[in-house]
Amino acid sequence: MEEDRIKSAREIAMEKMASLPGLTPEELNGQREKEYAPRGVAIARRYLEGVLRSTELESELHRYQGKEAEIVRTALVSTLCEAVGLRDRAESLKAVDGIGALAGGADLAGTKQEMDAISAELEEKEEQQQAACEDREMKRLRGLGISGSAVRPNLSESEDWQQELARIESEYSQRLGDIRKRLAKLTET
Amino acid sequence: MRLLDDLHAYVWRGNDNNCNSYLIARALKNGRHVIIDPGHVVTPMYRQPGWRRLVQEMEQDGLDAGDIGLVILTHAHTDHSEAALLIRKEHGALVAMSEVDSTMYARLGGAVDIYLQEGELLLGQNGRTALSIFHSPGHSPGHVTVYWPERKALITGDVIFYRSTGRVDLPGGSATALRQSIERLSELDVEYLLCGHPYGHPGVIQGKAAVEQNFAFVKTNILR
């Protein structure tokens, strides 16, 4: 009969799949990573946004097992570590608390103090450099014939300031990187 | 149109909404000009060429738009500010306006080089052109007006027009603030009241008596 020669879409798909080569272990790992890492990131985001408490992080991780649990945990810790910065103190402290909870309730008061000290140092340095940069901009404007008490250069449009800012940030990013590494190490099981 | 040797008024004569522009010629070093409120590039409704018309009128006065070195914006509304983006991009002019209104200007894609605050704006060699910048809110929260004491010229943007005032129903507008701004500006010694729009009149009011009458009319009939 005519129908006997017509294959269903499902049959065609199954045949095609059967003819495909199997995934290598690396590809399988990659696929797993793609699927589970975003879950860890999502847990971190929900925690940072205040939807989850630090005590709930471990129970969220318990939903996963084996390799999957490892991937979710790594992504969660990595996102929390990235949230540790020198600009947003509240979010940084929350991230540190989250990492502390994942590290079995480790006391991270010292780390917080260290971060505060670095932030204060960075802020002071920026203020000093900003004033210097503003002076240079005013001088440049005077050179064009623009001056007076009504004039305040917008440094965010100044290349000079953007370069200075990048330089200061790179100076502190190494110290911040060390803190992040230490925090990540605490959570290693 | 040349009002004085170094002060030019470009009154908008199209049918669509656009602002009047004012220019202080050769005010900066290297003979570059300062323009206040260059207006629309093209008007929104009838697509009239605001910027091209302004360039042509400047050329008739012997001025090259490529020599504009500084654009002062009284406020961020597009009928005053749109062409500033083009002038900055094509001619490397700096843009100056209040920080408060710069937020709205940034939403239009505009970048501000100088934040203007209340005080003195000195232009040219040894600051030979001394302007006073007044914070004049009401039409917009960061609106500024430009006063040139030596020429007794006041560039008002959308604070006051001929027998009328700027709207206060737009975001950030305030009738109370506008009233205070107008009261304050009316105390200045002004021979040239240079308004932001040609509403029912070119918007260039000349002569101390005419300027005082206009302030009196607005205070009595509009700000009551």
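Residues numbered from 1 in each chain as written. Chains lettered and ligands numbered in written order. Predicted model: local features only at pLDDT ≥ 70, side-chain atom pairs only at ≥ 80, totals over all residues.

Undergrad: Could you clarify how one ought to interpret the sheet that holds strand β3 (residues 21-24) of chain B in this entry?
TA: The sheet built from 8 strands is open, its strands ordered β2(A)-β7(B)-β6(B)-β5(B)-β4(B)-β3(B)-β2(B)-β1(B) with mixed pairing. Looking at strand neighbours, the two that pair on one side only are β2 (151-153) of chain A together with β1 (2-4) of chain B, the edges of this open sheet. On average, each strand axis in the sheet is tilted by 25 degrees relative to the strand beside it, whichever way the strands run. Bridging between β3(B) and strand β4 (residues 33-36) of chain B involves 3 bridges; their strand directions are antiparallel. Pairing of Ile24(B) across the sheet is with Val34(B), part of β4(B). Together, β2 of chain A together with β5 (68-72) of chain B form the strand contacts of helix α6 (residues 109-144) of chain A, whose direction differs from that of β2(A) by roughly 120 degrees. Its contacts with the sheet put helix α2 (residues 78-91) of chain B on β5 and β6 (94-97) of chain B, and the angle it makes with β5(B) is roughly 155 degrees. (Pairing = 2+ DSSP bridges. Helix = DSSP H or I, 4+ residues; strand = E, 2+ residues; numbered from the N terminus. Axes fitted to C-alpha atoms, helices over the stretch in contact; angles between N-to-C directions. Contact = placed C-beta atoms within 7 Å.)

Undergrad: I keep staring at helix α2 (residues 25-48) of chain A and nothing clicks. Help me out?
TA: The periodicity of an α-helix, 3.6 residues per turn, causes residues three or four places apart in sequence to face the same way. Residues and elements named next belong to chain A. The terminal C-alpha atoms of α2, which comprises 24 residues, lie 34 Å apart, in line with the 34 Å expected from a rise of 1.5 Å per residue. Largest kink in α2: about 30 degrees, centred on Lys-34, with the proline Pro-38 one to four residues after it. If you check which residues of α2 are buried, you get Tyr-36, Gly-40, Ile-43, Ala-44 and Tyr-47. Buried residues belonging to α2 abut α3 (57-61), α4 (66-83) and α5 (89-102). (Expected span 1.5 Å × (residues − 1). Bend = angle between axes of the 7 residues up to and from the residue. Buried ≥ 20, exposed ≤ 12 C-beta atoms within 10 Å, placed from the backbone.)

Undergrad: For this particular structure, what's the right way to read the pairing of strand β11 (residues 153-157) of chain B?
TA: Regular strands place their side chains on alternate faces of the sheet. Residue and element names in this part refer to chain B. Summarising burial for β11: 5 of the 5 residues are buried, a large majority. Across the two faces of β11 the burial is the same, with Ala-153, Ile-155 and Gly-157 and Leu-154 and Thr-156 all buried. Hairpin connection between strand β10 (residues 144-148) and β11: a loop of 4 residues separates the two successive antiparallel strands, and Lys-152 in this loop has a positive phi of roughly 50 degrees. Note: β11 against strand β14 (residues 192-195), 4 bridges, orientation parallel. Within β14, the residue paired with Ala-153 across the bridge is Tyr-192.

Undergrad: How should the packing of α4(A) against α5(A) be read in this particular structure?
TA: When two helices pack together, their arrangement is captured by the angle between the axes and the distance separating the axes. All names here are of chain A. Following both chains from N to C, one finds α4 and α5 inclined at 150 degrees, their axes separated by 8 Å at the closest point. When the axis of α4 is compared with that of α5, the two are roughly antiparallel. With respect to the hand of their crossing, α4 and α5 are arranged in left-handed fashion. Across the interface between the two elements, Val-77, Leu-80 and Ala-83 of α4 pack against Glu-91, Ser-92, Ala-95, Gly-98, Ile-99 and Leu-102 of α5. Its residues placed into classes, the contact of α4 with α5 shows 6 nonpolar, 2 polar and 1 charged. (Parallel < 35°, antiparallel > 145°, perpendicular 65-115°, else oblique. Left-handed = near helix turned anticlockwise from the far one by under 90°. Nonpolar A, V, L, I, M, F, W, Y, C, P; charged D, E, K, R; others polar.)

Undergrad: Any chance you could explain the interface of chain A and chain B here in plain terms?
TA: Listed by partner, the interface residues are 12 residues for chain A and 21 residues for chain B. At the level of elements, β1 (146-147) and β2 of chain A are the ones that each hand at least two residues to the side of chain A that touches chain B. If you tally residues by element for the side of chain A that touches chain B, the top one is β2(A), at 3 residues. When the residues that make up the side of chain A that touches chain B are grouped by side-chain class, the tally is 5 nonpolar, 5 polar and 2 charged.

Read these as spatial facts, not as claims about activity.
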